[in-house]
Amino acid sequence: MRAALLLAFLLVASVTAAAPRPDLVVVVSVDQLRFDYVDRFAPWFTPGGFQRFMAHGARFTNARYRHAASFTAPGHAAIGTGRSAGASGIVGNSWFERDSAPDAAMWEWYFDDNTAYLSPTNTPAPFHDTPDAWWKLGGAPRYCVYDDRVQATAGKTSGMSPAFLATDSLGDVVKHRYPSSRVIGLAVKDRAAILMAGRGADAAYWFDSKISGFISSTYYQHVNPAVLAFNTQVAGYFPGSKQWTPSPYIPADDMRRVTFDPPEAWPLKNNKYRGTFPHPINDAKALTYTPFAHELVLDFAMHVIATEELGTRNTPDVLFVGISPTDYLGHYYGPDSMEVADSMVRLDRDLESFLNALERRFGDRVLVVLTGDHGVTSNPEIARLRDPKADTGRVDIRTPDANAKLLSDLPPLRLAIERELARRLGVRFDDRAPLSHALVYFFEEPSLYVNWRRVTELQLEPERVKRALRDVLRGMPAQGFADAWTNTELLVPDPAASPTKRLMRTSFRADRSGDVLMALRSGWVWMWGSNSTTHGQPVENDLHVPLLFWGAAVKRGVYDVDSSPIDIAATVGAILGVRAGGDDAHVLPCVE
C-alpha cells in the first residue's frame, strides 16, 4: 500500500513539474451526451466548438462510466469526485431509506416529481396523508441533494446541499491545497451543480423555472448577490417568436439522412411541447427544454467568472458547468430526432463563443474538460418503427400511486412478479388483498425494496425471499430483464463476475441500494413517462460518452486507452498538484 501511494505521489509530482498550471479549470458536463454525437454531427460543427477539442486538444474515444447507474446524479458525482456511484454515495437520482420514519413531505415530493403508476380502475386524485395509506408501512424516498436543514435563497423549493456525498471531491482537495482558490458549480439542474462542485464548494447555483432565475441555498457561505443579478437578463433568452424552430445549420437533406424522424415518429415522442417543430416556449420551464437555454447557462458561467474574478488570484480556481437542457429535450424527443440534431449544432456554436471568451480572457492559462454524465437509449417505439424486428421495449414495475389500495392497483408486470414470488415462497396470493400484503414495497431503478414487515408476518427467511425474487426476475427475459442480484451477492467480491455484475457492484451501497438490483437488456428502458426515452442501464449507449480536454497542460491527440469521466478528477488533480479521485481513477496520458 505504501509503495502504491509513493508511486502515485511521484506520478503527480512528475507531471506537475513539467506542466504549466492553469489559473482556471472549467469542467463542462453536457447532460445526456452520447458518445456518437461528436462524430455524427461533426460535419456541421464550427472549428471553434467541439472541433477545437479534436484539433487542438485531447480526445478519449473509449470513455465509459465504471458503474451501472447511468443517471444524472451518479454521473455528476463521479465527475466531481472521481469515484463511481457506490463510493460517492450517490447511487441514483433518488433512493429509498428503509429505516426512516414515514415522511409525508418526502412522499408528497416523490409522487409529485415521479410518474407513479395509476391503475386504470382509479382516477387521479390529490395527495392526502391518510392513516391507512399504503406508503406508511415505513421508510421514505430521498432525493439525492435534498436537505431540510437549509433553505433556498429564493422561490419556494426545498433546501439543497451535497450532504449525501460520501467523499471529498476534486474541488475539496484543491481548496485544501490552495485555501484561496474558489470552487463553484452551476447548472440548470440542482443535482448537477451541487454534486460536481462538492461538499466544500464556495457556491453552487441552479435554475428555478418557477421564478425564472438562478438560485442557491444557505448551505453555501459565499453566495454572491451580484452573481444572482444575472437573473434580470433571463427574459432576453426567449426568442422573439416564442418558438423553437430549426436552425439553418444542417440542410434539410442532411437532416433527413442523419436522423430518423419521419412524420410517423412525431406522435411517438413526448407531446407536451409538440412532437415536432415548432415547439412553443411560453414560460421558463419550456425554455429549459430548448437549446436557447444552452446559451443561457454558458453566458451565466461567463458572468460568474467575471463577477467572482475567477482565475486572478494566483491559485487555481475550478468552475463546474452543467448543460442540463440537452437531457430534458433528449428525453422528450430521443437521440434519433431532429430536435437533438439541432440542439447539438446550436450547442456547438454556443461552446465556440464560450471558449473564445475564455481564450480572450485567459490565453493559455485555462484548462477546459468536456464530457457527459451518461448517454441515452433510443425511444423503443421509434426504434421499432425504424426496424420492426428491433429487440426493445419498456419495463413497467413502477411504484403505485399514493391513493392505491389493493394489489390489483400495481402495474400488470409488477403484479405478475408478486404472484410468481408468492408461488415460489408457498404464500397465498389474492390480487384483491391490500397493498400492505405486497412482498415488494418500493421500486426505484434499478432496485426493488422488499416489504420486510410482510416477510416478518409470514415468518419467511429473508435471504430466501431475496433469492426467490432474484430468480423470478431472471426468469423473465422476454419482459426485458437481463439479470438480477441480491444485495448480499453484491456485498461479496466475485472474481468471476460478469462485466454487468461488476458494474452493478460499483453502483451499490448497502444502506441506500435496494434488496434486489436489476439490469435490463440492451434496447429496453424503464417506464417512467409518456412517450419519453431514458437511460440508466449498464449498456453501451448509456455508459459511453465523449471525454475531451483542451488548454493548459494538455498534450493533443486521440487516445484509445480505457478511460472514464471518473478520471477527470485524477487528471486535473495531477495538473494542479493534488491527488484526487478514487482507487479506480487514473491520471490520463494527455498531461504534458
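Each chain has its residues counted from 1, running along the sequence as written. Local features in this predicted model are restricted to residues of pLDDT 70 or higher, and side-chain atom pairs are both shown and tallied only at a pLDDT of 80 or more, whereas totals for entire chains, interfaces and linings draw on every residue. The basis for every side-chain value is the complete set of heavy atoms in the structure, and neither hydrogens nor water enter the calculation.

Thoughts on the pairing of strand E7 (residues 183-187)
Next up, step 1: Between buried and exposed lies partly exposed: a residue is buried under 20% and exposed over 50% of the maximum accessible area for its type, with that area taken using a 1.4 Å probe on protein chains only. In DSSP terms, a helix is any run of H or I states spanning at least four residues, a strand is any run of E spanning at least two, and both are numbered starting from the N terminus. By the criterion of burial, E7 is predominantly enclosed, with 5 of the 5 residues buried.
Next up, step 2: The two faces of E7 match: Val183, Gly185 and Ala187 on one face and Ile184 and Leu186 on the other face are all buried.
Next up, step 3: Pairs of strands are assigned from DSSP output, requiring at least two bridges between the strands. One ladder, built from 5 bridges, connects E7 with strand E12 (residues 317-323); its direction is parallel. When the sheet's bridge partners are listed, alanine 187 is paired in E12 with glycine 322.
Next up, step 4: Pairing of E7 with strand E8 (residues 203-208) involves 3 bridges; the strand directions are parallel. Following the sheet pairing, glycine 185 is matched in E8 by alanine 204.
Next up, step 5: If you view a crossover with the strands going away from you and the path from the first strand over the helix to the second runs clockwise, you call it right-handed. For the crossover that starts at E7, traverses helix H8 (residues 190-197) and ends in the parallel E8, the hand is right-handed.

Observations concerning a positive patch on the surface
Next up, step 1: Together, Lys156, Lys210, Lys272 and Lys285 make up a region of like positive charge exposed at the surface.
Next up, step 2: Looking at the secondary structure, you find lysine 156 in the loop between strand E5 (146-151) and strand E6 (158-160). Patch criteria: residues need more than 30% relative accessible area and no salt bridge. Like-charged residues are merged within 9 Å; nonpolar side chains of Val, Leu, Ile, Met, Phe, Trp and Tyr are merged within 5 Å. A 1.4 Å probe and the Shrake-Rupley method give the accessible areas. Residues count as covered only by the protein chains that appear here. Here, a salt bridge means any Lys or Arg side-chain nitrogen found within 4 Å of an Asp or Glu carboxyl oxygen. The charge count treats Lys and Arg as positive and Asp and Glu as negative. His and the chain ends do not count. Each charge is placed at NZ for Lys, CZ for Arg, CG for Asp and CD for Glu.

Re the sheet that holds strand E21 (residues 557-559)
Next up, step 1: Taking strand neighbours across the sheet as the criterion, the 9 strands line up as E9-E8-E7-E12-E1-E13-E20-E2-E21 in an open arrangement whose pairing is mixed. Edge positions in the sheet fall to strand E9 (213-215) and E21, since each has one partner strand and no second. Averaged over all neighbouring strand pairs, the angle between strand axes comes to 15 degrees, with direction disregarded.
Next up, step 2: Judged from the 6 bridges that link them, strand E1 (residues 24-30) and strand E13 (residues 366-371) form a sheet pairing that is parallel. In the strand pairing of E13, valine 27 is matched with valine 369.
Next up, step 3: The contact criterion used is simple: two residues touch if any of their non-hydrogen atoms lie within 4.5 Å. Axis definition: a line fitted to C-alpha atoms, limited for helices to the stretch in contact. Angles are taken between N-to-C directions and run from 0 to 180 degrees. Against the sheet, helix H22 (residues 567-576) touches E1, E12, E13 and strand E20 (547-551), its axis set at about 175 degrees to E13.

A look at the packing of helix H13 (residues 325-333) against helix H14 (residues 338-362)
Next up, step 1: Running from amino to carboxyl end, H13 crosses H14 at an angle of 160 degrees, the nearest separation of the two axes being 9 Å. As summarised for this structure, H13 and H14 are arranged roughly antiparallel, according to the angle between their axes. As for how H13 packs across H14, the hand of that crossing is left-handed. Here Thr326, Leu329, Gly330 and Tyr333 of H13 come into contact with H14, specifically with Glu339, Val340, Ser343 and Leu347.
Next up, step 2: Grouping the amino acids of the contact of H13 with H14 by side-chain chemistry returns 4 nonpolar, 3 polar and 1 charged. Every angle not falling under 35 degrees, over 145, or within 65 to 115 is termed oblique; those three ranges are roughly parallel, roughly antiparallel and roughly perpendicular. Rotating anticlockwise by less than a right angle from the far helix to the near helix defines a left-handed crossing, while the corresponding clockwise rotation defines a right-handed one. The classification used treats Ala, Val, Leu, Ile, Met, Phe, Trp, Tyr, Cys and Pro as nonpolar, Asp, Glu, Lys and Arg as charged, and all other residues, Gly among them, as polar.

Points about the confidence of the model for the protein chain
Next up, step 1: Confidence scores labelled pLDDT are given residue by residue by the predictor and lie between 0 and 100. Per-residue confidence for the protein chain gives a mean pLDDT of 95, with 97% of residues at or over 70.
Next up, step 2: Every residue in residues 1-17 is under pLDDT 50, and counting partners more than four places away or in other chains gives 12 contacts.

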